Amino acid sequence: MNVLVINAGSSSLKYQLLNTETGEVFAKGNCERIGIDGSFIGHEENGVKGKLEVDMPDHKTAISHVFEILKTVDQPIEGIGHRVVQGGWYFPESAVVTDETLGWVREVAPLAPLHNYAEADVIEICRDMFPELGNVIVPDTAFHYNMPEQAWRYAIPRDIVDKYHVRKYGAHGTSHRFIWRTVHEMMGDKTHKLVSCHLGSGASLCAIEDGQCMDTTMGLTPLDGLIMGTRCGTVDPATVFYLNRVANMSIDDIDTMMNKKSGLLAVSGKSSDSRDIEEGMNNGDENCKMAMEMFYYRTSQLFCEMAASMEGVDTMAYTAGIGENSVTMRAGVAKRLEWMGVKIDPELNKIRSDEPRVISTPDSKITVLVVPTNEELMIALDVEALLGK
Ligand code: ADP
């Protein structure tokens, strides 16, 4: 089945047209600066990249352009899958778009206002423009929906939890689900308790026992857990009250600081990109060194937290930009876990490949893999499962 996967943001729209049986990607791209001057589409087809400067005052125009561009691919579009950041308390799995499910995406939007409203608008536009195509909602939180209550519940009053739906939702669920699927295909019965480490500019770990999410490090929002490119990860929640009262910072100021000005960027004082930080460390920059050390430290700590939630761990998988590419980060995290029996082979760790692969030594107690994630394929497979071929 040929599926168009759409990942909409407030001013951007990523797309990918792929086939579920072969995994072949016919074309992909990103509409950028929607609603802003200087909008353009970066499009890639047959390995050739191009940039089209087109007017995109709104998402509807962007989608029209995408469908127009995709005509050159000469492949029928048979269904559309929409990544939705927050499925809230409604989506334990992906769902076909109906008035009801679309309403849910909007209802839970206060939990992810920068994403869900735009995503709901785009879903509605696609449904109206192409009524003959099925549309499917694939929430990034769905995989975590059924984690045990002790994992998702916060120890705050029940009436607040119930009225405002305050709980751990997690994120990167589509990626973690893909990682489980791939690891399970490779390892078969050798893997029961997996810690999936999605380390990109956003980063989260997920404890997965026999395909079921047992816990994850992101919380009500993707701000919690690991240190990320520009997000602080876990800090004492009282930091917010303190800064509000003492530093006279507004809630919005603190929100911006914690989401956009913290993390690796803040500690290194240099960049949110791990490549720059690694380079800085190699050139003797102490702040970059500390950013790297803190990343190893927190990742290894949270790895143990995930392992504890499953009362054990037999497999660890690295994925996303840093997890798939940074030899240094993988080695740094693994080193802090040596006491648990994690041993990676330095030569295997250095291999660059797009294939999933084992990088631990044969005598490592925990098998360590690098698994390139493919959220688009996972989304397309959900579309196929729900809409049929
Ligand atoms: P997201 O999808 O969350 O934006 P990615 O999964 O693309 O993020 O990951 C981005 C991160 O991956 C950046 O910090 C970047 O430095 C890192 N990264 C990408 N490629 C490499 C590489 N070759 N070596 C080291 N780090 C890399």
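One can find the structure itself at the top, above this paragraph.
Below, the structure is looked at part by part. Note that the structure is predicted; figures quoted are calculated from it, not measured.

Here we come to unusual backbone geometry. Even without a glycine there, the phi angle at His 172 is positive, about 60°. Relative to the elements of secondary structure, His 172 occurs in the loop between helix 5 (158-164) and helix 6 (173-187). Phi at Asn 248 is positive, roughly 60°, even though this residue is not glycine. Tracing the backbone through its elements, the reader meets Asn 248 in the loop between helix 7 (238-246) and helix 8 (251-260).

Let us look at the site of the ligand. Around the ligand, the structure places Gly 200, Ser 201, Gly 202, Ser 272, Asp 273, Ser 274, Arg 275, Ala 320, Gly 321, Ile 322, Asn 325 and Ser 326. Contact between the ligand and Arg 275: a nitrogen atom at 3.3 Å from a side-chain N or O atom of the residue. For the ligand, a nitrogen atom lies 3.4 Å from a polar atom in the side chain of Asn 325. When isolated, the ligand has an accessible area of 580 Å², and the protein chains bury 66% of it.

Pairing within the open sheet is mixed, and its eight strands lie in the order 5-4-3-2-1-6-8-7. Each having just a single partner strand, strand 5 (48-53) and strand 7 (95-96) make up the two edges of the open sheet. Summarising the sheet, strand 2 (residues 13-19) and strand 3 (residues 25-32) pair through six bridges and their orientation is antiparallel. Looking at the pairing, Leu 17 lines up with Ala 27 of strand 3. Most of the contacts of helix 2 (residues 99-107) go to strand 8 (residues 135-139), to which it runs at about 35°, and overall it touches strand 6 (79-84), strand 7 and strand 8.

If you walk through the whole model with that rule in mind, you get four aromatic pairs. Ring centres of Trp 89 and Tyr 90 lie 5.6 Å apart, and the angle between their planes is 35°; this geometry places the pair in the tilted category. Look at Tyr 90 and you get partly exposed, because its relative accessible area is 24%. Both rings, one in Phe 91 and one in Trp 104, keep their centres 5.5 Å apart while their planes meet at 80°; by these two values the pair is edge-to-face. Remark: Trp 104 occurs in helix 2 and Phe 91 occurs in the loop between strand 6 and strand 7; sequence separation between them is 13 residues.

Once that is clear, we can look at the environment of Pro 113. Here Pro 113 lies in helix 3 (residues 113-129). Through-space distance from the C-alpha of Pro 113 to that of Gln 86 is 9.3 Å; in sequence the pair is 27 residues apart.

Under the criterion given, the structure shown has 11 salt bridges. Arg 127 is paired through a salt bridge with Asp 99; the nearest N and O atoms lie 2.9 Å apart. Remark: Asp 99 occurs in helix 2 and Arg 127 occurs in helix 3; sequence separation between them is 28 residues. Arg 127 sits in the partly exposed class, given a relative accessible area of 23%. Overall, Asp 99 belongs to the exposed group, its relative accessible area being 60%. Of the charged contacts in the structure, one is a salt bridge between Glu 347 and Lys 350, with a shortest N-O distance of 3.3 Å. You can see Glu 347 and its partner Lys 350 sitting in helix 14 (residues 346-350), three residues apart, about one turn around the helix. Note on Glu 347: relative accessible area 53%, which makes it exposed. A cluster of three or more residues bridged by salt bridges with shared partners is formed by Arg 106, Asp 121 and Glu 124.

Right, let's talk about the sheet that holds strand 11 (residues 212-216) for a bit. Pairing in this open sheet of six strands is mixed, and the strands run 11-10-9-12-14-13 from one edge to the other. Bordering the open sheet on either side are strand 11 and strand 13 (357-358), each of which pairs with just one other strand. Relative to strand 11, strand 10 (residues 203-209) is paired through four bridges, and the arrangement is antiparallel. From the neighbouring strand, Ala 207 faces strand 11, where its bridge partner is Asp 215. Against the sheet, helix 13 (residues 327-336) engages strand 12 (315-319), strand 13 and strand 14 (367-370), with an angle of about 155° to strand 12.

Glancing now at the pairing of strand 9 (residues 193-199). Strand 9 sits mainly inside the fold: six of its seven residues count as buried. Sheet analysis places strand 9 next to strand 10, joined by seven bridges and oriented antiparallel. Opposite Val 195, over in strand 10, you have Ala 207 as the bridge partner. Hairpin connection of strand 9 to strand 10: three residues between the antiparallel strands.

Side chains of Val 96, Leu 386 and Leu 387 sit close together on the surface and give an oily, nonpolar patch of about 200 Å² of accessible area. Residue position: Val 96 is located in strand 7. Using a relative accessible area of 32% as the deciding quantity, one classes Val 96 as partly exposed.

Right, let's get into the nonpolar core. Side chains that are nonpolar tend, in soluble globular proteins, to be buried together. Ranked by internal contacts, the top residues of the largest apolar core, which has 40 residues, are Val 195, Cys 197, Leu 199, Leu 205, Phe 303, Met 316 and Tyr 318. Of all the elements in the fold, those that place two or more residues in this core are strand 9, strand 10, helix 10 (274-282), helix 11 (286-310), strand 12, helix 13 and strand 14. Considering each element in turn, this core owes the most residues, 10 residues, to helix 11. In contact with Phe 303, not counting residues within four places along its chain, are Val 195, Cys 197, Leu 205, Val 313, Met 316, Leu 337, Met 340 and Ile 366. Met 1, Val 5, Trp 152 and Leu 381 belong to the second-largest nonpolar core, a separate cluster that totals 28 residues.

Here the focus is the state of the cysteines. In protein structure, a disulfide is the covalent linkage between the sulfur atoms of two cysteines. With the rule as written, the count across this model stands at zero disulfides. Take Cys 304: it sits in no disulfide, and the sulfur closest to it among the cysteines is that of Cys 197, at 11 Å. The class for Cys 304 is partly exposed, based on a relative accessible area of 22%.

Cut-offs applied
- Residues numbered from 1 in each chain as written.
- Predicted model: local features only at pLDDT ≥ 70, side-chain atom pairs only at ≥ 80, totals over all residues.
- Heavy atoms only, no water.
- Helix = DSSP H or I, 4+ residues; strand = E, 2+ residues; numbered from the N terminus.
- Near = heavy atom within 4 Å.
- Polar contact = N/O pair within 3.5 Å; in protein donor to acceptor, adjacent residues only side chain to side chain.
- Areas by Shrake-Rupley, 256 points an atom, 1.4 Å probe, with all protein chains shown as cover.
- Pairing = 2+ DSSP bridges.
- Contact = heavy atoms within 4.5 Å.
- Axes fitted to C-alpha atoms, helices over the stretch in contact; angles between N-to-C directions.
- Phe/Tyr/Trp six-rings, centres within 6.5 Å; stacked < 30°, edge-to-face > 60°.
- Buried < 20%, exposed > 50% of the residue type's maximum accessible area, 1.4 Å probe, protein only.
- Salt bridge = Lys/Arg side-chain N within 4 Å of Asp/Glu carboxyl O.
- Patch = residues over 30% accessible without salt bridge, like charges linked within 9 Å, V, L, I, M, F, W, Y side chains within 5 Å.
- Core = buried A, V, L, I, M, F, W, Y, C linked by side-chain atoms within 4.5 Å.
- Disulfide = S-S within 2.5 Å.

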